[in-house]
Amino acid sequence: MNDEEMLTAIRHRDSSGIECVMTAYSRLLWKVAAEVLCPLGSEADAEDCIADVYIDLWEHPESFDPGRGTLKSWLCMRTRCRAIDRYRMLMRSRTIPIDSIVSAEPFGVQEQVLREETYRELKEAVMSLEEEERDILLRRYVAGQKPKAIAVALGLTVKQVDNSLYRTKQKLRHRLTQSKGE
């Protein structure tokens, strides 16, 4: 079945249409969702995103406009959007593991107080960043993703990711030195 035949079958509530779509595009959609959700999302998160896209196609086949592109590109775009929404939800619901940046070495009371204050200031500075800046920064330095993987996941160029990292680090450096009165 080609895309037009699959869509006609779906519009007529013939389940063979959606089964053909799933057979043809599941592997591709899995890669799209996994790339966006890495490293926070699980396999279940990717599966949920893809299932949501299939359900949306089944319930609203008229939302696909063949005049604007192919079914393949529409499915990829919808999956990527769902995965980005899921990733943002995961970022909001999980504690950011900034603690992993600060080692757990024993210090004297004075050093411990300074370390806690520095940690608090760093956390406040990171949390005050715009969502996209924070997302790119945490993906790179906490999750350890390479700029190319970040670019693919967020639909940016590698240059945009590199520029964002540079500007964000400058912003953080400025905020932290300002708070210390330097």
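For the structure itself, look to the data block above.
Draft legend 1. Layout of the overall build of the protein. In terms of regular secondary structure, the protein is built from eight helices and zero strands. Within the protein, contacts between residues separated by at least 24 positions form 65% of all contacts whose residues are at least 6 apart in sequence. Split by element, the accessible area of the protein, about 11,300 Å² in all, is 53% carbon and sulfur.

Draft legend 2. The arrangement of the nonpolar core in detail. Within the largest apolar cluster, 39 residues are counted, with the highest numbers of intra-cluster contacts made by V21, Y25, L29, L37, L57, L71 and L75. When residues no more than four places from it in sequence are discounted, the contact partners of L29 are I50, Y54, L75, C76 and T79.

Draft legend 3. Highlighting the side chain of S164. Relative to the assigned elements, S164 resides in helix α8 (residues 158–179). Aside from chain neighbours lying at most four places away, what touches S164 is E133 and I136.

Draft legend 4. How the structure looks around helix α2 (residues 15–37). The largest bend in α2 is about 55 degrees, located at Y25. Taken residue by residue, α2 has G17, I18, V21, Y25, L29, V32, A33, V36 and L37 as its buried positions.

Draft legend 5. Highlighting the packing of aromatic side chains. A complete count under the given rule lists one aromatic pair for this structure. Pairing F64 with W74 gives two aromatic rings, centres 5.9 Å apart and planes at 70 degrees, and the pair type is edge-to-face. Taken together, the residues F64 in the loop between α3 (43–59) and α4 (71–93) and W74 in helix α4 connect sequence positions ten residues apart. The exposure classification of F64 matches that of W74, with both residues buried. The aromatic ring of W58 is capped on one face by R13, whose charged end is 4.9 Å from the ring centroid. It is R140 that lies over the ring of Y141; its NZ or CZ is 5.7 Å from the centre.

Draft legend 6. Representation of the pattern of salt bridges. Tallied over the entire structure, the rule returns eight salt bridges. Notably, a salt bridge pairs E124 with R120, separated by 3.1 Å at the nearest N-O pair. Of the two residues, E124 and R120 are both situated in helix α5 (residues 109–127); the distance of four residues between them amounts to about one turn of the helix. Here the salt bridges do not stand alone but share partners, grouping D45, D48 and R86 into one network.

Draft legend 7. Examining the environment of E47 more closely. Along the chain, the position of E47 falls in helix α3. The sequence separation of E47 and A34 amounts to 13 residues, and the corresponding C-alpha distance is 9.1 Å.

Draft legend 8. Structural view of the environment of A51. By the secondary structure assignment, A51 is in helix α3. Measuring from C-alpha to C-alpha, the distance between A51 and T79 comes to 9.1 Å, with 28 residues separating the pair along the chain.

Draft legend 9. Looking closely at the environment of Y141. Along the chain, the position of Y141 falls in helix α6 (residues 131–141). For Y141, a relative accessible area of 43% corresponds to the partly exposed category. Linking Y141 and L165, residues 24 residues apart in sequence, is a C-alpha distance of 9.8 Å. For Y141, the residues in contact, after removing those within four places along its chain, are L165 and K169. Within polar-contact distance, the side chain of Y141 engages the side chain of K169 at 3.2 Å.

Conventions we followed
- Residues numbered from 1 in each chain as written.
- Predicted model: local features only at pLDDT ≥ 70, side-chain atom pairs only at ≥ 80, totals over all residues.
- Heavy atoms only, no water.
- Helix = DSSP H or I, 4+ residues; strand = E, 2+ residues; numbered from the N terminus.
- Contact = heavy atoms within 4.5 Å.
- Areas by Shrake-Rupley, 256 points an atom, 1.4 Å probe, with all protein chains shown as cover.
- Core = buried A, V, L, I, M, F, W, Y, C linked by side-chain atoms within 4.5 Å.
- Buried < 20%, exposed > 50% of the residue type's maximum accessible area, 1.4 Å probe, protein only.
- Bend = angle between axes of the 7 residues up to and from the residue.
- Phe/Tyr/Trp six-rings, centres within 6.5 Å; stacked < 30°, edge-to-face > 60°.
- Lys NZ or Arg CZ within 6 Å of the ring centre and 35° of its normal.
- Salt bridge = Lys/Arg side-chain N within 4 Å of Asp/Glu carboxyl O.
- Polar contact = N/O pair within 3.5 Å; in protein donor to acceptor, adjacent residues only side chain to side chain.

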